[in-house]
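# Topology and contacts: notes
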Amino acid sequence: MATARAERLVNLVLCLLSTRQYLTAERIRSIVPGYAEAASDDAFFRMFERDKTELRDLGVPLEVGRSDVFDGIDGYRIARRDYELGDIDLEPDEAAAVALAARLWDSPQLTGAVHGALLKLRAAGVDVDQDVRVPVEPKVRATEPAFPPLLAAVQQGRVVEFDYRRPVPAEVRTRTVEPWGVVAWRGRWYLVAHDRDRAAPRCFRLSRIVGDVRPVGKAGVVRRPDDVDLLGFVATNIRQADPTPATARLWVAEGRAHGLRRRAKHVGRREFDGEWGDLLEIALRFPDSAASWIAGFGADVVVLEPELLAKTVREKLLGAVRGAGVRA
């Protein structure tokens with residue numbers, strides 16, 4: 001829905017809520033901003049009919065009638081008794097939970113919606129104390145650009161497509177998925193979805209989504225299976241994907257590579273190529289990405305084990321030398 005249309009619908013609802021009389025279409029045309037821009041009478045009535053249909057689809061109870069027996073044209077108003085939120089009784093702990101939920105979100109896209117929800121609750125007479133003290137104040141950040149469109153896709157039941165970066169092997173692939181839900185686990189956001197390319201359920205870390213999330217097809221196509229535990233699925237899959245750290249043995253020149261020394265364990269002394277240095281051990285969860293980091297220390301660090309990591313580091317150093325125009 002375009003923003004201008006949304007604003008017009010809000011103004012139309014406010015107009016019809018604020019009157020006790022039935023307002024004719026022409027009267028509404030002169031009051032509600034947006035209708036005056038209609039190019040013709042026919043254009044206005046088509047616009048007005050679409051808006052009435054939209055409001056009824058949203059559950060807004062439009063009443064049609066005449067305020068006076070002498071009126072010759074039907075008018076419109078909203079039955080406040082049917083539209084306004086009824087009485088809500090919240091226990092103190094429930095009201096505290098509502099306030100706490102509002103503080104969970106640290107997202108520009110969701111902050112406005114949360115504040116709007118609190119305003120509606122207060123307007124309905126619910127006392128929501130945002131300053132209530134709670135023993136734990138969790139906070140979930142939702143700053144990934146993919147979060148709003150994925151959340152919208154889940155709510156709309158729509159297939160989406162996006163480019164996803166895998167760390168090992170390092171590559172970016174396009175994924176087409178049926179989104180089931182977005183959940184936070186250990187401070188990170190994950191999408192749980194049916195991956196059409198793999199024909200199986202998968203979870204995707206939102207921070208690894210590259211570029212825009214693109215909706216595919218119509219809304220209402222995707223339905224989350226009733227027996228899927230989103231959080232349990234993410235926890236299980238992340239644990240399985242988490243590789244066991246491998247231990248690497250390194251020779252490090254005397255008094256050099258302090259950044260690497262802080263993460264390693266000193267296990268002895270050793271001579272390498274006629275120079276004495278320290279023998280260190282370090283646990284590496286992702287050796288491929290660690291190779292670039294180790295190569296950054298240049299000749300001050302030599303990988304002794306495992307051989308694959310040593311070879312990768314040597315190739316990176318040779319590549320840097322060739323890139324500098326030196327024959328090696």
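Residues numbered from 1 in each chain as written. Predicted model: local features only at pLDDT ≥ 70, side-chain atom pairs only at ≥ 80, totals over all residues. Heavy atoms only, no water.

In the annotation of an unreviewed UniProt entry, the entry for the protein reads Proteasome accessory factor B, and the organism field reads Saccharothrix violaceirubra.

## Digging into the pattern of salt bridges
Let me state the cut-off plainly: Note on definitions: salt bridges are taken to be side-chain nitrogens of Lys or Arg within 4 Å of carboxyl oxygens of Asp or Glu. Put simply, DSSP H or I for four residues or longer makes a helix, DSSP E for two residues or longer makes a strand, and each gets a number counted from the N terminus. Remark: exposure states derive from per-residue accessible area (1.4 Å probe, protein chains only) relative to the maximum for the residue type, with buried under 20%, exposed over 50%, and partly exposed in between.
Scanning the entire structure with this criterion turns up 16 salt bridges. The partner of Arg29 in a salt bridge is Asp41, with the nearest N and O atoms 2.8 Å apart. Note that Arg29 is positioned in helix α2 (residues 25–31) and Asp41 in helix α3 (residues 41–57), a separation of 12 residues in sequence. For Arg29, a relative accessible area of 18% gives the class buried. One salt bridge in this structure joins Asp195 and Arg198, with 3.9 Å as the shortest N-O distance. Arg198 sits in the partly exposed class, given a relative accessible area of 36%. Each of Glu254, Arg261, Arg269 and Asp278 takes part in one network of salt bridges that share partners.

## Some remarks on unusual backbone geometry
The step from Glu305 to Pro306 runs through a cis peptide bond, and the omega angle for that step is -5°. Here Ala199, not a glycine, exhibits a phi torsion of approximately 55°, which is positive. The topology assignment puts Ala199 in the loop between β7 (188–195) and β8 (200–205).

## Re the sheet that holds β8
The criterion, for reference: In this scheme, strands are said to pair when DSSP sees at least two bridges between them. For helices, the fitted line uses only the C-alpha atoms of the stretch in contact; every axis is such a line through C-alpha atoms, and the angle between N-to-C directions lies from 0 to 180 degrees. Two residues qualify as a contact provided that any one of their heavy atoms is within 4.5 Å of a heavy atom in the partner residue.
Strand order in the open sheet formed by 5 strands is β8-β7-β6-β5-β9, with antiparallel pairing between adjacent strands. Edge strands, defined here as strands with exactly one partner in the open sheet, are β8 and β9 (209–216). The sheet shows a mean angle of 45° between the axes of neighbouring strands, taken without regard to direction. Summarising the sheet, strand β5 (residues 159–166) and strand β6 (residues 171–185) pair through 7 bridges and their orientation is antiparallel. Across the sheet, residue Arg166 finds its bridge partner in β6, namely Glu171. Taken strand by strand, helix α7 (residues 147–156) contacts β5, β6, β7 and β9, and its axis lies near 70° from that of β6.

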